Amino acid sequence: MTPRSFTSIAALLMAGSGLSIGPDKTYLLENRLAPVMRKHHLDSLDALAAKLRPVSFGSMPGGLEQDVIEAMTTNESFFFRDDKPFTHFRTRALPQLLADRPAHAKLRIWSAAASTGQEAYSLAMILQESAAMLAGRSVEIIGTDISREALGRAREGLYTQFEVQRGLPMQSLVKYFRKEGSQWRIADSLRQMVQFRSLNLLADLRSVGQCDAVFCRNVLIYFDQPTKSRVLAAIARQMPSDGVLYLGGAETVLGITDAFTAQAHERGVYERVILPPAQAALCPPSFAGAAARG
Amino acid sequence: MSDSTKTCLVVDDSRVVRKVARRILETQGFIVREAEDGQQALLACRAAMPDSVLLDWNMPVMNGLDFLKALRSEFGPGQPPVMFCTTENDISFIEQAIENGAQEFIMKPFDEEILLGKFSQVGLL
């Protein structure tokens, strides 16, 4: 692959998904884009790069460009991944959010990189098992992802034997799944609780609406610093002042944004911070980046 | 051997499965003992109770479910944690495992990630 072709594919990935790749990842392009080349009858990455049309920042392009983006994004997901964020949500965040809201207020939870749906469905299980605490309150779970293929699987709610053994306790398997051939179908009662939507995190996020808790785990690691900052700021705008953000274990807001602060002794859990206007003016987002570099 | 060393009794009539499970568990510091059927496993538990049991379902002499029933009847509920590891994958089998006091259920084929994930889920890692 010529340097020009690499630049062209890297530019598409950055503009279309925020994915930042260096020339050392050429092997990854070769591996993951092989099926895309076959699908589009292209015999090399150079031929593929030559066919790419420019995409605008945060768009959902479709066609070859979307296929390239989908092939390069990672859709690794499993039920109750890392366990602790879910335990925190069930035992700490959920009771607090409910206590702080009037009984008629709807609770909205956002799985921002929903992939094939395991995170959103794990949250649905927690909420279904918290029925007494919810006391009839309306709850909405929104699962978004850039990959339409992954979202298709999420909506389908059909998982392999391997997938249902990753993180899911056997009691939950029995309670919420039924066997269909060699696969496992998630219960309709959980599917009805989750709404999956195609969404690019680089785009305008206002369509998601206000969300009380946001799970955006293991996605920022693929972004460069300015993109992380931009995405976190956009997510913050979709959250109330007491909203809770969950990031992956290898991710942080430190030095990236001042819109969130880490919850003490809770790795990966962040609280929304809304600075008074005067203080916010003294501390623009760029300050955080400068501080980190310093 | 330190006091914190964990033991696991791997009960399976397949020598290959026992060997694979042993290799995976030993990487996590487990001392692994083996039994080829439920009756051998029961004798092993009477001699020295392991910290955990990885248990096949279909075995000669005494199957996994009968072993589990005998274990819980003789030594009481809860301890040691028992994880089935079997080719049986119908919900009815998982329900029987739960009813009779198993802590987790692994459907074969398994790999290192699934095995260690289940051990972690029941607090053994």
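Look above for the structure.
The rules behind the values
Residues numbered from 1 in each chain as written. Chains lettered and ligands numbered in written order. Predicted model: local features only at pLDDT ≥ 70, side-chain atom pairs only at ≥ 80, totals over all residues. Heavy atoms only, no water. Core = buried A, V, L, I, M, F, W, Y, C linked by side-chain atoms within 4.5 Å. Buried < 20%, exposed > 50% of the residue type's maximum accessible area, 1.4 Å probe, protein only. Contact = heavy atoms within 4.5 Å. 1 Å grid on protein atoms, 1.4 Å probe; cavity = no way out; pocket = protein on both sides within 12 Å on 5 of 7 lines; lining within 4 Å. Points joined across faces, edges and corners; volume = space filled by probe spheres on them. Helix = DSSP H or I, 4+ residues; strand = E, 2+ residues; numbered from the N terminus. Nonpolar A, V, L, I, M, F, W, Y, C, P; charged D, E, K, R; others polar. Buried area = accessible area lost by both parts, 1.4 Å probe. Salt bridge = Lys/Arg side-chain N within 4 Å of Asp/Glu carboxyl O.

Q: How should the nonpolar core be read in this particular structure?
A: All names here are of chain A. Counting 66 residues, the largest nonpolar core has Phe89 and Phe177 as its most contacted members. The contact partners of phenylalanine 89, leaving out residues within four places of it in the chain, are Leu94, Pro95, Ile109, Leu123, Ile126, Leu127, Ala213, Phe215 and Tyr246. The next biggest cluster of nonpolar side chains, apart from the first, holds 27 residues, and it includes Leu201, Val208, Cys216 and Leu232.

Q: Would you take a moment to explain empty space enclosed by the protein for this structure?
A: The probe, sized like a water molecule, is rolled over the atoms to show the empty space still left. Counted according to the given criterion, the structure contains one cavity of 30 Å³ or more. Roughly 40 Å³ of internal volume is contained in the largest cavity. Contributing to the lining of the largest cavity are Val164(A), Gln165(A), Leu168(A), Pro169(A), Met170(A), Leu173(A), Ile94(B), Glu104(B), Phe105(B), Met107(B) and Lys118(B). Contributing elements (two or more residues each) for the lining of the largest cavity: helix H10 (170–176) of chain A together with strand S5 (104–107) of chain B. For the lining of the largest cavity, the residue count by class is eight nonpolar, one polar and two charged.

Q: Looking at this structure, I do not really get the interface of chain A and chain B. What am I missing?
A: As a measure of interface size, the accessible area lost when the parts come together is often cited. Counting from both sides, the interface comprises 16 residues of chain A and, opposite them, 19 residues of chain B. Summed over both sides, the interface of chain A with chain B buries roughly 1,400 Å², with 59% coming from carbon and sulfur. By the criterion of area lost to chain B, the three top residues of chain A are Gln165(A), Met170(A) and Val174(A), representing 47% of everything that side buries. Remark: the boundary between chain A and chain B carries two salt bridges. Here Arg166(A) ties to Glu113(B) by a salt bridge, and the two come within 2.5 Å at their closest N and O atoms. Among the secondary structure elements, those contributing two or more residues to the side of chain A that touches chain B are helix H9 (161–164), H10 and strand S4 (177–180) of chain A. In terms of residue count, the dominant contributor to the side of chain A that touches chain B is H10(A) (four residues). Residue composition of the side of chain A that touches chain B, grouped by class: nine nonpolar, four polar and three charged.

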